[in-house]
Amino acid sequence: MRRTVWPLAAVAAAYAVLQLCYAVAHMDLGWDESVYLSQVDPRTPAAYFSAPRSRGISFLAAPVVALTASTTALRVTLVLLSSAALYGAFAVWRPLLGRGRTALAAALFAGLWITVLSGPEVMPNLWIALAAVAATGFFLRARARGGAGSRSTEGRTLAGLAATLAAAALLRAPDAVWLALPLLLTCATVRAWRRLRVVAAVLGGLAAGGAQWAVEAYVRFGGIARRLADSSDTEGGMGAHLGAGLTAARRSLNGPQLCRPCRIANPSVTHSLWWLLLPVLVAAACALALRKGRAGGGERKDTRAAVLLPVACALSLAAPYLLLLDYSAPRFLLPAYALLALPVADLAARAPAAFRAGPRRWAVAAALCAVLAAHLSVQLKELRVNTADARDTAVRYQRAAEGLRRLGLSAPCTVTGPRAQPIAYAAGCASAQTMGNNRSTTEAALARTARRMPMAVLYDPADAYLPPYARTWHPHELRGTGWIAYVP
C-alpha cells in the first residue's frame, strides 16, 4: 500500500511546500478574488457578479471567510485543499496508468508556475482542471469495470464521475459542458461505452452542478440564452478570433495574469519551448497509442483510450479560450495542461523502455531527467516574477484602501471608478460602476448615493475621465498608488 501511495503523495506534498514558500507569504487579494469573496463575506457588501462568473469557488471559500478575515488563514487553507485535491484527482488514474506515470503527470502539472500560483488563490480554473482530470479518469474506469466488477465498485465509480462533473459545473458551468462533450460523444460513437448508466452519470452530474447557475440565469439575467449573451458581451464578443486567441495565449504564457488587450511581445524561446513542443509530444503519444491499439485486445484498447480521451477533453476545454476570445490569461489553459500531462507522462515513461536494458536506456532516462530539471527551473523563475507582480498589484489596492479610510470612508460607503471592486472590498465599502464589464448602476444613481452616504470616485490620470457629478468634489492623492480619490 505504501509503495502505491508515496510517489503521488510526495508530489502533492512538494506542491504544498512550493505554494507556502512562494505564493502564500507574498500575496494579498487580487481583483477577481475580491469579487468572489465579497459574495460570501459577512463583513463587506457583495460586489457586482457578472454573467460569466460562477459561484463554486465562493462556496469553497465561504467556511473560512465566515470564521476569519485573515487572508493568510484563507491562503493556507486553500494550499492544503488544493494539494489534497491534486492527490485525489490524479489518484483516480493509478489503475489506468500505474503509480509512476500518474505521479509524473501530477508533477508535470504541479510544476507549472501558474499551477503553483493558482493553488492558494480564490479562482476557479485550477479546481476545474483537477475536476476534469478526476472526471475523465472515472469515465475510463467506468468503462473498464463494465460488468466485471462488483455493482458496489461500479456504483462508486459512477458516483465519482457524477460528483466531479457536478463540481466542474458549479465552478464554471460552460467549462463543464465543454468537458462533457467528448465524454458524451464517446458514449454515442463507441459501442463499448454505450451504456445508459454512464450517460446518466454524465448528464446527472452536469444537471446537479449547473442547477444553481441556471436558476440564477433566470432570476438575474432573464434566462440562459440572455446570460450567455451577456457573458459574450462581457468577454468582448465571443466569436471566431482564431488567430488572436492563440497569439494572446502565446504572449501571456509567462504572464501577466490577465492580458487584455494582449499587446505585449512574445516570450523568449527558452521560456516557451515547452509550450511549443507540447503539441508535438501529445501527437507522438497519440500516434504511439493508436499503433499499439491496432494490435487488438481489451487491455490495449483501454490503454489507447487512457491516452486519447484526455487529449480530446483537453482540446475541447481549450477551444473556447483559444478560438473564441481575443485576449488570454495563463490560468485559462490550466484544465488543458492538467489533462495533457497524462499522455505526456505516459510517453516519457515509455521512451526509455524503447531501448534494451543497458547504457542506452540509462542515457535516455538521464536525458529526460535533465530536460525535466531545466523545465522546472524555468517555471520557478517565472513563478518568482509573477508572484512579485501579483504582490505589487495587491499592495497598491491596500494602499488605496488605507488612503480612503484616512479620508473618513467607513461602512456604509461606496467606491466607484477604475479598480473600484478590489479597493472597495479592502476598504469594507460597496462598489459600483457606470461603464465597462461590471456596469451595475448609472451616474444619476451614484450622485444620489453621494448625498446619503460617504462616497469616493477613484480617478486614474491615464483614464482621463471624471464623472460630471464629481468634478466639484475635493481631490486627494492616494499615496503610493498614482491614483486620486475625489470625495464630496
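> So what's going on with the packing of helix H11 (residues 196-221) against helix H12 (residues 224-234)? Residues and values would help.
It is at 8 Å that the axes of H11 and H12 come closest, and there the two elements cross at 85 degrees. Taken together, the axes of H11 and H12 are roughly perpendicular relative to one another. The segment H11 lies against H12, with Trp-213, Ala-214, Glu-216, Ala-217, Tyr-218 and Phe-221 engaging Ile-224, Arg-226, Arg-227, Leu-228 and Asp-230. Residues of the contact of H11 with H12, tallied by class, amount to seven nonpolar, no polar and four charged.

> Help me get a handle on the sheet that holds strand E5 (residues 483-487), residues and values and all.
Strands in a sheet are paired, the pairing made by backbone hydrogen bonds, and the direction either parallel or antiparallel. In space, the five strands of this open sheet follow the order E2-E1-E3-E5-E4, with mixed pairing throughout. Strands with a single pairing partner mark the edges of an open sheet, and in this sheet they are strand E2 (430-432) and strand E4 (474-478). On average, each strand axis in the sheet is inclined to that of its neighbour by 30 degrees, with strand direction left out of account. With three bridges connecting them, strand E1 (residues 414-416) and strand E3 (residues 455-459) associate as parallel partners. By the bridge assignment, Thr-416 is partnered in E3 with Val-457. Its contacts with the sheet put helix H17 (residues 359-406) on E1, E3, E4 and E5, and the angle it makes with E5 is roughly 30 degrees.

> Break down the nonpolar core for me, with residues and values.
Within the largest apolar cluster, 103 residues are counted, with the highest numbers of intra-cluster contacts made by Leu-86, Phe-90, Phe-109, Phe-139, Leu-161 and Tyr-337. For this core, the element with the highest residue contribution is helix H8 (residues 125-145), accounting for 14 residues. The residues contacting Leu-161, other than those within four sequence positions of it, are Ala-135, Phe-138, Phe-139, Val-198, Ala-201 and Val-202. Among the nonpolar cores identified, the runner-up in size contains 18 residues, and Tyr-397, Leu-404, Leu-409 and Trp-483 belong to it.

> Quick one: what's the story with a nonpolar patch on the surface, residue by residue and with numbers?
Side chains of Val-269, Leu-273, Leu-276, Leu-277, Val-280 and Leu-281 sit close together on the surface and give an oily, nonpolar patch of about 490 Å² of accessible area. Within the element layout of this structure, Leu-281 appears in helix H14 (residues 269-293). Since its relative accessible area comes to 35%, Leu-281 is described here as partly exposed.

> How would you explain the state of the cysteines if you had to name every residue and give the values?
In total, this model carries two disulfides according to the counting rule given. There is a disulfide in this structure between Cys-259 and Cys-262, and the S-S distance comes to 2.0 Å. Across the S-S bond of Cys-259 and Cys-262 the torsion is about 90 degrees, and the bridge reads as right-handed. Here Cys-413 engages in a disulfide with Cys-429; their sulfurs sit 1.9 Å apart. Judged by the sign of its S-S torsion, about -85 degrees, the bond between Cys-413 and Cys-429 is left-handed. One end of the pair, Cys-413, is in the loop between H17 and E1; the other, Cys-429, is in the loop between helix H18 (420-427) and E2, and 16 residues separate them in sequence. Pair check on accessibility: Cys-413 and Cys-429 agree, each one buried. Disulfides within the protein link the bonded cysteines, taken in sequence order, as 1-2, 3-4. Cys-187 takes part in no disulfide bond, and the closest cysteine sulfur, belonging to Cys-313, lies 11 Å away.

> Explain the packing of aromatic side chains residue by residue, including any values.
Within this structure, the stated rule accounts for nine aromatic pairs. On the numbers, 5.5 Å between centres and 65 degrees between planes, the contact of Trp-274 with Tyr-337 is edge-to-face. Within this pair, whereas Trp-274 is found in helix H14, its partner Tyr-337 is found in helix H16 (residues 334-353), the two being separated by 63 residues in sequence. Assessed through its relative accessible area of 10%, Tyr-337 is described here as buried. Grouping aromatic residues by their ring pairs yields a cluster made of Tyr-321, Tyr-327 and Phe-332. Directly above the aromatic system of Tyr-36 lies the positively charged group of Arg-53, at a separation of 5.1 Å from the ring centroid.

> Outline the environment of Pro-95, listing residues and values.
Here Pro-95 is to be found in helix H5 (residues 94-97). Between the C-alpha atoms of Pro-95 and Arg-141, which are 46 residues apart in sequence, the distance is 8.1 Å.

> Which residues make up unusual backbone geometry, and what values go with them?
The residue after Gly-255, namely Pro-256, is reached through a cis peptide bond having omega 5 degrees. Mapped onto the fold, Pro-256 is located in the loop between helix H13 (242-251) and H14. Looking along the chain, the bond that leaves Ala-411 and enters Pro-412 is cis, with omega of 0 degrees. Counting through the fold element by element, Pro-412 comes out in the loop between H17 and E1. Positive phi is not limited to glycine here, since Arg-419 has a value of about 65 degrees. On the accessibility criterion, Arg-419 (23% relative accessible area) is partly exposed.

Scoring rules and cut-offs
- Residues numbered from 1 in each chain as written.
- Predicted model: local features only at pLDDT ≥ 70, side-chain atom pairs only at ≥ 80, totals over all residues.
- Heavy atoms only, no water.
- Axes fitted to C-alpha atoms, helices over the stretch in contact; angles between N-to-C directions.
- Helix = DSSP H or I, 4+ residues; strand = E, 2+ residues; numbered from the N terminus.
- Parallel < 35°, antiparallel > 145°, perpendicular 65-115°, else oblique.
- Contact = heavy atoms within 4.5 Å.
- Nonpolar A, V, L, I, M, F, W, Y, C, P; charged D, E, K, R; others polar.
- Pairing = 2+ DSSP bridges.
- Core = buried A, V, L, I, M, F, W, Y, C linked by side-chain atoms within 4.5 Å.
- Buried < 20%, exposed > 50% of the residue type's maximum accessible area, 1.4 Å probe, protein only.
- Patch = residues over 30% accessible without salt bridge, like charges linked within 9 Å, V, L, I, M, F, W, Y side chains within 5 Å.
- Areas by Shrake-Rupley, 256 points an atom, 1.4 Å probe, with all protein chains shown as cover.
- Salt bridge = Lys/Arg side-chain N within 4 Å of Asp/Glu carboxyl O.
- Disulfide = S-S within 2.5 Å.
- Phe/Tyr/Trp six-rings, centres within 6.5 Å; stacked < 30°, edge-to-face > 60°.
- Lys NZ or Arg CZ within 6 Å of the ring centre and 35° of its normal.

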